[in-house]
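Residue-level structural notes
The chain contents come next:
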Amino acid sequence: MVTIYVNNKPIICKDKELLIKVLKENDIFIPHFCYHESLGADGNCRMCLVEIEGSKRPQIACDTFVYDGLRVHTKSESILETNKDILELELLSHPVDCPTCDQAGECSLQNYYMEYGLYDSRVSVAKNKKDKALDLGSNIMLDQERCVLCMRCVRFCSDITKTDELVVMGRGNDSYITTTPFMRLSNPYAMNVIDLCPVGALTSKDFRFKQRVWFLDSTQSICHACSKNCSIFIDHNAQKNQNDHVHRFRPRVNTMVNGHFICDEGRLSYKKANETRKNDFIMKSRISTYESILKHTKKLLQSENAIALVSASLSVEQMLLVKELSEMYLFDVYYDYKEDEKFGDDFLKSSIKESNLYTAKLLDFKLVDKPYEESLISKSLILNFNSEFISKPRPIEMIEFLTHEGKFERSSSIFTYEYFHNDMGLLINSDGVISSYKKSSKVKSEKFTLLKILNDLLDESYTNESIYEKYKELFFKNIPYSKIMKQSQRLGL
Amino acid sequence: MGIKTVQRPQKSLKHSLYISALYGGLKTTIKKFTQNISDIDSIPTINYPEQQPSDITSRYRGVHRLTKRADDTISCVACFMCATACPSKCIFIEATQRTDGVDEKMPRTFTIDMLECVFCGYCVEACPCDAIRMDSGIFTLIAKQREDFLYDKEKLLSIKGAFGNEVSNAK
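Residues numbered from 1 in each chain as written. Chains lettered and ligands numbered in written order. Predicted model: local features only at pLDDT ≥ 70, side-chain atom pairs only at ≥ 80, totals over all residues.

Things to note about the domain arrangement of chain A
- Split by domain assignment, chain A resolves into domain 1 (2-90), domain 2 (98-107 + 124-204) and domain 3 (281-490).
- Placing the centre of domain 1 of chain A and that of domain 3 of chain A at their C-alpha centroids yields a distance of 50 Å. (Domains from an automatic or database assignment.)

Take a look at the structure:
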């Protein structure tokens, strides 16, 4: 460990660490385009120049390694002047089409201009013309005029995905980003370049012109597309007189799970959140009220011989309450899961398409197999917790807890509950990492959560925290709830 | 920051009787009454609607309109600046890919709910393209049902400016 001084304030950090990394970790504002934690330094944008005592000229923070007693200035008058000039250089040929640019609001150029620039353009000659609105494939649109040539996207395709689809062509003033000749962007992680791009050069075709980003609320959540459980932000909003709508998923940095990225399929799985069931309760094929169907279910549970099937994507708390219910009414709980060998890879995609299979196994739920089919014969009631694998071999009483339209629509009793984007909970991924997803405080939910419905069936009042705390010693290595809310925790396999 | 304490004036007997204040008020009323009776034509009030106001200038904030560029394409690029600035949130825009080849983006729908609008003019100030203006000179809004107060893109484009300068000044 060494001590460095930034703007005369001491900071203790590891020796030989990159200066820009130390500055960013300590929340010291440092403008930069080409450096990215996942891609390392490239040193081409020159935006991160800092003043270092004892050196003649300003140095770039992304190519300076810290040593004991290093004295850095990021706010001195001369370095502010330098940063301003570099920014002016970056903006020389920028088209300034912020009104039509989807990046506006989360654009580094805009942010730095407000921080350092605030000058009028001194360019009196015509700006460079390049191509705009190019479709590169994989839902990505390229605008070459807005590009600052930081090469993050090029490095992503060469270093992370190793597919080399993007290159820089031309020289000097005329250089531009494009796809490698005879290639299109086509890899399962391609859309990450949209988040990597610090400006509006690479934007999403899927999100194109849908919303301005400053109208969006971000909620910390977890992708439910596979058992990897990548951390994401859900960007959603409710427009005036309308219901809440999810507009996109963005990766959330979580070094224990997904790093900085998510796969394209997970990113586009936001659409499922907008296709949930209407808020209704069905009893004997008719629309009913919550109270009456609750009464009906309790009566059936007491009189009938039940069996339950859970989706392996339920949250930890939901599964724990199903377990409580099964102990109260003495029925077996089965689970099933989807597996897609073609989907899985060794990076961020898992072939198991359920997000909480680990917990289902942990709680000793039984895998749907032959014994399930056999035991069905003697049962007279099926409880289905959002599983898609439910089969109905013969007319048999069924109570379903669904988020989306089910298979046996209007032929059974149905509780509709909130999908994960409007709920909170814990999930354990295939590597045994337990993470939490949160609920937006701005969304008024119309539906009940599954936790509330199960609580009413149990006549209990568990919260997410209390049900987890009850079982944490038994199943979850005594990791406190508050710790998981802050940061993912490793349970181990 | 220090606070300066100001002493309130003490009420004297003269003030608490209100007689002098009453006299002062009545004096003004009677003076104006006789003045107006003797010279009816100089009263600023007009006999609306038989008489129409003559003092509406180009700065008057009338009903909004959307402008067109010199090549007859819509000026609006659906940047949502007006909707962002709007304090009553009464501007509803849906953006789409531009089809006329002039720019990248244009509004698919652009609706102003005139019943919610407070006519503050912030949208006009916020617009970077001089696409929305309030220079129509229309100061009355009449409709037979609530739905008619939702002015859509076509209606806003069809309203003409009342003070010349039809074409948008932007790029």
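What follows continues from the structure just given.
Describing the pairing of strand 19 (residues 381-385) of chain A
Residue and element names in this part refer to chain A.
- For strand 19, a buried count of four out of five residues is recorded, marking the element as mostly surrounded by other parts of the structure.
- Relative to strand 19, strand 16 (residues 306-311) runs parallel, the two sharing five bridges. From the neighbouring strand, Ala 308 faces strand 19, where its bridge partner is Leu 383.
- Here five bridges tie strand 19 to strand 20 (residues 397-402), and the two strands are oriented parallel to one another. Within the sheet, the bridge partner assigned to Phe 385 lies in strand 20 and is Phe 401. (Buried ≥ 20, exposed ≤ 12 C-beta atoms within 10 Å, placed from the backbone. Helix = DSSP H or I, 4+ residues; strand = E, 2+ residues; numbered from the N terminus. Pairing = 2+ DSSP bridges.)

A few points about the sheet that holds strand 5 (residues 150-151) of chain B
All names here are of chain B.
- Taken together, three strands build an open sheet; the order of strands is 2-3-5 and the sheet is antiparallel. The open sheet is flanked by strand 2 (91-97) and strand 5, the only strands paired with a single partner.
- Of the pairings in the sheet, the one linking strand 2 to strand 3 (residues 105-113) comprises seven bridges and is antiparallel in character. Paired with Ile 91 across the bridge in strand 3 is Ile 112.

Examining helix 3 (residues 108-117) of chain A
Residues and elements named next belong to chain A.
- All of the buried residues along helix 3 are Ser 108, Leu 109, Tyr 112 and Tyr 113. Along the long axis of helix 3, the arc covered by the buried residues comes to 130°, so they all point the same way.
- Against the buried residues of helix 3 lie helix 2 (77-90). (Arc of directions from axis to C-beta. Contact = placed C-beta atoms within 7 Å.)

A short note on the packing of helix 2 of chain A against helix 3 of chain A
All names here are of chain A.
- Look at helix 2 against helix 3: their axes get within 10 Å of each other, and the N-to-C directions meet at 140°. Relative to helix 3, the element helix 2 lies oblique. For the crossing formed where helix 2 meets helix 3, the hand is left-handed. Residues Leu 80, Asn 83, Lys 84, Leu 87 and Glu 90 of helix 2 touch helix 3, and the partners they reach there are Leu 109, Tyr 112, Tyr 113, Tyr 116 and Gly 117.
- A breakdown of the residues in the contact of helix 2 with helix 3 according to their chemical character gives six nonpolar, two polar and two charged. (Axes fitted to C-alpha atoms, helices over the stretch in contact; angles between N-to-C directions. Parallel < 35°, antiparallel > 145°, perpendicular 65-115°, else oblique. Left-handed = near helix turned anticlockwise from the far one by under 90°. Nonpolar A, V, L, I, M, F, W, Y, C, P; charged D, E, K, R; others polar.)

A word on the interface of chain B and chain A
- Across the contact, 13 residues belong to chain B and eight residues belong to chain A.
- Ranked by residues supplied to the side of chain B that touches chain A, first place goes to strand 2 of chain B with three residues.
- When grouped by side-chain class, the residues that make up the side of chain B that touches chain A number six nonpolar, three polar and four charged.

Overview of the sheet that holds strand 5 (residues 71-73) of chain A
All names here are of chain A.
- Taking strand neighbours across the sheet as the criterion, the five strands line up as 2-1-5-3-4 in an open arrangement whose pairing is mixed. If you trace the sheet from one side to the other, it starts and ends with strand 2 (9-13) and strand 4 (59-60), each paired once.
- Note that strand 3 (residues 49-52) and strand 5 share two bridges and pair antiparallel. From the neighbouring strand, Glu 51 faces strand 5, where its bridge partner is His 73.
- Packing of helix 2 onto the sheet brings it into contact with strand 3 and strand 5, and relative to strand 3 it is tilted by some 160°.

Side note on the nonpolar core
- Cys 48, Ile 140, Ala 308 and Val 310 of chain A are the most contacted members of the largest nonpolar core, which totals 118 residues.
- Top element by residues in this core is helix 8 (residues 316-329) of chain A. It accounts for six residues.
- Ignoring anything within four residues of it in the chain, the contact list for Val 310 of chain A reads Met 319, Val 322, Val 333, Tyr 335, Ala 360, Phe 365, Phe 385 and Ser 387 of chain A.
- By size, the runner-up hydrophobic cluster in this structure holds 25 residues, among which are Ile 74, Val 77, Ala 78 and Ile 91 of chain B. (Core = buried A, V, L, I, M, F, W, Y, C linked by C-beta atoms within 7 Å.)

Some words on the pairing of strand 17 (residues 332-336) of chain A
All names here are of chain A.
- Buried residues dominate strand 17, accounting for four of its five residues.
- Bridge count between strand 16 and strand 17: five bridges; the pairing is parallel. Its bridge partner lying in strand 17, Ala 308 is registered against Val 333.
- At this point the chain moves from strand 16, through helix 8, to the parallel strand 17, and the crossover so formed is right-handed.
- One ladder, built from two bridges, connects strand 17 with strand 18 (residues 366-367); its direction is parallel. (Right-handed = clockwise from strand over helix to strand, strands pointing away.)

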